[in-house]
Each structure stands twice: as structure tokens, then as C-alpha cells.
Amino acid sequence: MKMRCLDHIDLRVRDMRVAREFYGKFLPQLGFTHESPGDDFHTFYAARGDGPSEFFGFTEDKNHQPNGTRIAFWADTRDEVDRLAKLVRNAGGKALEGPEICADYSPGYYAFFFEDPDGNKLEICCRESPVIAE
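Description of the structure in this document. Everything numeric here is computed off the predicted structure, so don't read it as measured data. (Residues numbered from 1 in each chain as written. Predicted model: local features only at pLDDT ≥ 70, side-chain atom pairs only at ≥ 80, totals over all residues. Heavy atoms only, no water.)

1. Details of the side chain of Glu123
Step number 1: Note on placement: Glu123 falls in strand 8 (residues 121-127).
Step number 2: One buried charged residue, Glu123, remains without a salt bridge, the closest side chain of opposite sign being Arg70 at 4.1 Å.
Step number 3: Of the polar contacts made by the side chain of Glu123, one reaches the side chain of Tyr109; its length is 2.3 Å.
Step number 4: When residues no more than four places from it in sequence are discounted, the contact partners of Glu123 are Arg70, Ile71, Ala72, Phe73, Tyr109, Ala111, Phe112, Phe113 and Phe114. (Helix = DSSP H or I, 4+ residues; strand = E, 2+ residues; numbered from the N terminus. Buried < 20%, exposed > 50% of the residue type's maximum accessible area, 1.4 Å probe, protein only. Lys, Arg positive; Asp, Glu negative; His and termini not counted. Salt bridge = Lys/Arg side-chain N within 4 Å of Asp/Glu carboxyl O. Polar contact = N/O pair within 3.5 Å; in protein donor to acceptor, adjacent residues only side chain to side chain. Contact = heavy atoms within 4.5 Å.)

2. A closer look at the sheet that holds strand 2 (residues 34-36)
Step number 1: Strand order across the open sheet formed by four strands is 1-4-3-2, with mixed pairing between neighbours. Each edge of the sheet is formed by a strand with only one pairing partner; in this case those strands are strand 1 (8-13) and strand 2. Within this sheet the neighbouring strands show an average axis-to-axis angle of 15°, counted without direction.
Step number 2: One ladder, built from three bridges, connects strand 2 with strand 3 (residues 41-45); its direction is antiparallel. (Pairing = 2+ DSSP bridges. Axes fitted to C-alpha atoms, helices over the stretch in contact; angles between N-to-C directions.)

3. Details of the sheet that holds strand 5 (residues 70-74)
Step number 1: Reading across the sheet, the four strands line up as 5-8-7-6 and stay open at both edges, with mixed pairing between neighbours. With one partner strand each, in any of the chains shown, strand 5 and strand 6 (94-101) form the two edges of the open sheet. Averaged over all adjacent pairs, the angle separating strand axes in this sheet is 20°, with direction ignored.
Step number 2: Pairing geometry for strand 7 (residues 109-115) and strand 8, over seven bridges, is antiparallel. Bridge pairing in strand 8 links Tyr109 to Arg127.
Step number 3: In this fold helix 2 (residues 78-91) packs onto strand 6, strand 7 and strand 8, with an angle of close to 10° to the strand it touches most, strand 7.

Functional significance is not addressed by these values, which are geometric in nature.
Structure (C-alpha cells):
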């Protein structure tokens, strides 16, 4: 059985230093605990033992323009969403919304929406009921 559905996220940012500081304040709390800095590509890896692991990386592009794409990170509980929302607020997240119940999404969907310093749209969410595709 397939154990992973996502390998990595490769995000563009305008300023590598600003992105490292911002993401370094909350990605480790989401399980991306191993950091691999680089001049052109900065990476936060999830801890998965000897096998491959998911990673969140970003590349500097001075001309980057954010769009409507949103990246959503999983949290196990509402308390975790609340705790991470505080970290993001303190890290300088922008366009903050919630945490809140999103009744129009699915039953028990609880989320915090925000933007990074470059305007990339992000979210931290938990689902109290599974979504089952029909």
C-alpha cells in the first residue's frame, strides 16, 4: 500500500533570508524538523527514518508574484491549529483569518488561513470527520 501521496513542495519567494526566518518559526512544529540551508534552495525535511521523507523547500525568485494557489498543512487537533496560529502570528504572517470552523468546507473542518511575507497563501487545518470521495 502506498504510504505517501505527496513528495515535496517547491515554493518561490522573493527574499530567501526573510523566508528562512518566517518558515523556520513554525515548519518544525508541523513535523519538518530537519533543515537543509542552501544558497539557491532552502529545505525543511520531515523526519521519516531511513526512507524518503516529505519536504518543504523554497527558491528565491526576485520577480515572484503570488497567485491564488493555497498550501494547506495538516494538524491533528484544533488545539494544534490554535498553537500553530500563534506561532505564525508571531512570525509575521499576513492576511490572517481564524482559526475558525469552516462549515461550508466539510463537517468539523477547522482552519487558520494566512499569507507568508511574499503573499503566498497557506493554511493549517484539521478535520474532525474524514472526507470520503465517492
